[in-house]
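Coordinate analysis (summary)
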Amino acid sequence: MLPLRLQVRDPRMNIQLRVFGTPASQGSKRWLPNGRMIEADKKLKPWRSAVYEAVNHTFNPKSFLSLEGPIAVRVTFLFERPKNHYGTRQGEPYLKGSAPRYKTSTPDVDKCLRALLDPLTEMKVWKDDSQVVIAHAVKRYCNEGEKPGAIVIITDTMLEAR
């Protein structure tokens, strides 16, 4: 296997999005009594709406030309901390030292990534999500002052074998 070197084709083609909302998963289905299948995560519809809103806020998708060729996506999914991560000291809340930085419970990172990439495809950020050749995804809890959602960097890339 040849090592790959990532080069940004055009630094102006870095697209940065900040999506606000609770990240959701996509891919797990559940059956209804009438035999229909629906997405299991009830947070998916509001999450997809938040992705659409972030794209519309960042640029006008109608005048944007879809990215072509290989694309790299880096995303950090930010989740709200549960209450048990906090304690009180002299009546003031504080983050416990034992509170984890990364979210190791559901939703799965690959299903969160799918719930992000599919709306980006629908909005024509790229022609097809098969163009995403590099995906780096992290699930972590919000730092103080951060809101849940996702920080997304999309890069039009050129891969070269060394």
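Residues numbered from 1 in each chain as written. Predicted model: local features only at pLDDT ≥ 70, side-chain atom pairs only at ≥ 80, totals over all residues. Heavy atoms only, no water.

1. Side note on the overall build of the protein
Of regular secondary structure, the protein possesses 2 helices and 9 strands. Across the protein, every contact between residues at least 6 apart in sequence was considered, and the portion connecting residues at least 24 apart equals 81%. For the protein, the exposed surface amounts to about 10300 Å²; the carbon and sulfur share of it is 52%. (Helix = DSSP H or I, 4+ residues; strand = E, 2+ residues; numbered from the N terminus. Contact = heavy atoms within 4.5 Å. Areas by Shrake-Rupley, 256 points an atom, 1.4 Å probe, with all protein chains shown as cover.)

2. Things to note about the pattern of salt bridges
Enumeration according to the criterion identifies 3 salt bridges in this entry. The partner of E122 in a salt bridge is R48, and the shortest N-O contact between them spans 2.4 Å. Residue E122 is located in helix 2 (residues 109-122), and its partner R48 is located in helix 1 (residues 44-58); the two are separated by 74 residues in the primary sequence. Given the relative accessible area of 46%, E122 is considered partly exposed. Between E68 and K127 there is a salt bridge; the shortest N-O distance is 3.0 Å. (Salt bridge = Lys/Arg side-chain N within 4 Å of Asp/Glu carboxyl O. Buried < 20%, exposed > 50% of the residue type's maximum accessible area, 1.4 Å probe, protein only.)

3. A short note on the side chain of T121
Mapped onto the elements, T121 comes out in helix 2. Those residues within four positions of T121 in sequence are excluded, and the remaining contacts are W126, K127, D128 and D129.

4. Let's talk about the environment of P23
In this structure, P23 sits in the loop between strand 2 (15-20) and strand 3 (29-31). Sequence separation between P23 and L116 is 93 residues, and the spatial gap between their C-alpha atoms is 8.6 Å. Apart from the residues lying within four places of it in its own chain, the contact partners of P23 are W47, F77, L78, F79, P107 and G149.

5. Re the side chain of Q26
Its location among the elements puts Q26 in the loop between strand 2 and strand 3. Among the polar contacts made by the side chain of Q26, one reaches the side chain of R48 at a distance of 2.8 Å. (Polar contact = N/O pair within 3.5 Å; in protein donor to acceptor, adjacent residues only side chain to side chain.)

6. Observations concerning unusual backbone geometry
Trans peptide bonds make up most of the peptide bonds, and negative phi angles are found at most residues other than glycine. Of note, the amide linkage connecting T106 to P107 takes the cis form, showing an omega dihedral of 5°. Relative to the elements of secondary structure, P107 occurs in the loop between strand 7 (92-95) and helix 2. A positive phi is found at Q90, a non-glycine position, where the angle reads about 55°. Here Q90 shows up in the loop between strand 6 (86-89) and strand 7.

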